[in-house]
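An overview of the molecular structure
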Amino acid sequence: MDIDRRSVLRRAAQAATAGAAAALAAAGPPRHRTSSAPAGPAAAAAEAPARPSAPPPPPEVVRRTAWQAVEPPSETQCDAVVRAVFVHHTDHPNGYGPQEVPEILRSIYQDHRENLGWEDIGYNFLVDRFGTIYEGRLGSTGRPVVGAHTMGFNRETAGIGVIGTFDAATPVPAAVLDATARVAAWKLGTYGIDPRSRSELTSNSSDSRFPAGTSHSFDAISGHRDAFCTLCPGDSLYAALPQIVDRAARLLAGRPLDAPADGTGTPLRPAFGRTDGPRRGSGLF
């Protein structure tokens, strides 16, 4: 993949969507997604997932050492809890193969480090179109590491970047929905957060949708555009967030997902590096 060409195309696409982002800002904060479930306390109780008695098991995650040999020198900043997850798309072409993913990850890392001046990649985790989950910002598998993904709301949140572009005409693969839900269920469930609930977060930047110092109640699984004037994560992925919420709730209730990525029940995985669970220790915008 021609990384320099991709960067130019990405910048051009961002400029082309500036007018649409302005329209989003003029319309005000987006409406919250509503459920089609019947109203009433009994229905709400029936729909609510059971709280896990112990932290949920982590999904398989491709570690940093599989795609990034050189680690950032700065010290990792951590919170005490994850209260919400913000879902993004990376604005890359969607036709990549599994073996191209490491190069894509390194290009995002380079863009965030060299062009944006951040100490590390902004997303805590990334998901490819085959359903493979990657560790993004160093240490995110083991602790609630502060990322740089959602201006004004990087604290007490996790950012998941789905590799690709998900405009209205682009369907979201079931493998992406499942993998994103697995990360969300893991990070939220570890701190007792119901994926179907809402979380109160306080803005620390007036460049977000909400002035610095003000609080807003977000869905526990929200899209980037809920907090910042952007088209991210694309219309189709944003519309699919309720499906991600439902999947995350099913996982926390101990109900397995049944949406294989390759027809065999096993997500496709690139033949590099190792995958395993969390290790201990160690804003996009």
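1. Focus: the overall build of the chain
If you tally the helices and strands in the chain, you get 7 helices and 9 strands. When burial is assessed residue by residue, the chain has 49% of its 285 residues classed as buried. Surface accessibility of the chain: about 12,700 Å² in total, with carbon and sulfur atoms responsible for 53%.

2. Overview of the packing of aromatic side chains
The final tally for this structure, using the stated rule, is 7 aromatic pairs. Relative to Phe130, the ring of Tyr96 lies with its centre 6.1 Å away and its plane at 85 degrees, an arrangement referred to as edge-to-face. Placement of the pair is Tyr96 in the loop between β2 (84-89) and α4 (101-115) and Phe130 in the loop between β3 (125-127) and β4 (133-135), with a sequence separation of 34 residues. Judged by its relative accessible area of 10%, Phe130 falls in the buried class. Judged by centre distance (6.0 Å) and plane angle (80 degrees), the ring pair of Phe153 and Phe210 falls under edge-to-face. Here the residue Phe153 occupies a position in the loop between β4 and β5 (157-162), and Phe210 occupies one in the loop between β6 (198-202) and β7 (215-219), the gap between them amounting to 57 residues.

3. Overview of the side chain of Ser203
With respect to the helices and strands, Ser203 occurs in the loop between β6 and β7. One polar contact links Ser203 to Ser208, side chain to side chain, over a distance of 3.2 Å. Non-local contacts of Ser203, meaning those with residues more than four positions away in its chain, are made with Gly152, Phe153, Ser208, Phe210, Pro211, Ala212, Gly213 and Thr214.

4. Section: the environment of Thr157
Topologically, Thr157 is positioned in strand β5. For Thr157, a relative accessible area of 3% translates into the label buried. Each C-alpha atom of the pair Thr157 and Gly147 lies 8.1 Å from the other, and the pair is 10 residues apart in sequence. Contact partners of Thr157, with chain neighbours within four places excluded, come to Val82, Ala84, Phe86, Asn124, Val145, His149 and Leu201. A distance of 3.3 Å separates the side chain of Thr157 from the backbone oxygen of Asn154, its partner in a polar contact.

5. Side note on the pattern of salt bridges
Scanning the model with the defined rule gives 9 salt bridges in all. Its salt-bridge partner being Arg155, residue Asp79 comes within 2.4 Å of it at the nearest N-O pair. Of the two residues, Asp79 is situated in the loop between β1 (61-62) and β2 and Arg155 in the loop between β4 and β5; the sequence distance between them amounts to 76 residues. Accessibility expressed as a relative area gives 35% for Arg155, which makes it partly exposed. A salt bridge links Asp246 to Arg196, with the nearest nitrogen and oxygen atoms 3.5 Å apart. You can see Asp246 sitting in helix α7 (residues 241-252) and its partner Arg196 sitting in the loop between α5 (174-189) and β6, a full 50 residues away along the chain. Looking at Arg196, the relative accessible area reads 32%, which means it is partly exposed.

6. As for the packing of α5 against α7
At their nearest, the axes of α5 and α7 sit 8 Å apart, and the two run at 55 degrees to each other. Judged on the interaxial angle alone, α7 and α5 are oblique. Note that α5 runs across α7; the crossing there is right-handed. Counted together, Ala174, Leu177, Asp178, Thr180, Ala181, Arg182, Ala185 and Gly189 of α5 and Gln243, Ile244, Arg247, Ala248, Leu251 and Leu252 of α7 form the full contact between these two elements. A per-class count over the contact of α5 with α7 returns 8 nonpolar, 3 polar and 3 charged.

7. Brief notes about the confidence of the model for the chain
Overall, the prediction assigns the chain a mean pLDDT of 79, with 70% of residues at 70 or greater. Predicted confidence is poor over residues 1-29, with pLDDT under 50, and the contacts of this stretch with residues over four places away or in other chains come to 29 contacts. A low-confidence stretch, residues 259-285 stays under pLDDT 50, and its non-local contacts, those more than four residues away or across chains, total 81 contacts.

8. Focus on unusual backbone geometry
Here Cys232 and Pro233 are connected by a cis peptide whose omega angle stands at 15 degrees. Here Pro233 lies in the loop between β8 (221-223) and α6 (235-239). At Asp91, a position not held by glycine, the phi torsion is positive, near 70 degrees. Mapping Asp91 onto the fold places it in the loop between β2 and α4. Positive phi is not limited to glycine here, since Glu156 has a value of about 60 degrees. With respect to the secondary-structure elements, Glu156 resides in the loop between β4 and β5.

9. Brief notes about the environment of Tyr238
In this fold, Tyr238 is placed in helix α6. The class of Tyr238 is buried, set by a relative accessible area of 12%. At 2.6 Å, the side chain of Tyr238 and the side chain of Asp226 are in polar contact.

Reading the values: the criteria
- Along each chain, residues carry numbers from 1 onward, in the same order as the chain's sequence is written.
- Only residues with pLDDT of at least 70 get local features here, since the model is predicted, and only at 80 or more are side-chain atom pairs given and counted; chain-wide, interface and lining totals rely on the full set of residues.
- Side-chain numbers here rest on the full set of heavy atoms in the structure, without hydrogens or water.
- Counting from the N terminus, the helices are the DSSP runs of H or I reaching at least four residues and the strands are the DSSP runs of E reaching at least two.
- Three exposure classes are used, based on accessible area relative to the maximum for each residue type with a 1.4 Å probe and protein chains only: buried under 20%, partly exposed in between, and exposed over 50%.
- Reported accessibility uses the Shrake-Rupley method at a 1.4 Å probe radius. Residues are deemed covered only where the shown protein chains occlude them.
- A pair of Phe, Tyr and Trp rings is counted when the ring centres sit within 6.5 Å of each other, with Trp represented by its six-membered ring. The angle between the planes then sorts it: under 30 degrees is stacked, over 60 is edge-to-face, the rest tilted.
- Whenever two N or O atoms come within 3.5 Å, that pair is a polar contact, provided that in protein one can donate a hydrogen and the other can accept it, and provided that, for residues adjacent in sequence, both atoms are side-chain atoms.
- We call two residues in contact when some of their heavy atoms are within 4.5 Å.
- Every case where a carboxyl oxygen of Asp or Glu lies within 4 Å of a side-chain nitrogen of Lys or Arg is listed as a salt bridge.
- An axis is simply a line fitted to the C-alpha atoms; with a helix, the fit covers only the stretch in contact. Between two such axes, the angle follows the N-to-C directions and lies from 0 to 180 degrees.
- Note on angle classes: values under 35 degrees are labelled roughly parallel, values over 145 roughly antiparallel, values of 65 to 115 roughly perpendicular, and the remainder oblique.
- In a left-handed crossing the near helix is turned counterclockwise from the far helix by less than a right angle, and in a right-handed crossing that turn is clockwise.
- Throughout, the ten residues Ala, Val, Leu, Ile, Met, Phe, Trp, Tyr, Cys and Pro are labelled nonpolar, Asp, Glu, Lys and Arg are labelled charged, and all others, Gly among them, are labelled polar.
- Scored from 0 to 100, pLDDT reflects the predictor's confidence in each residue.

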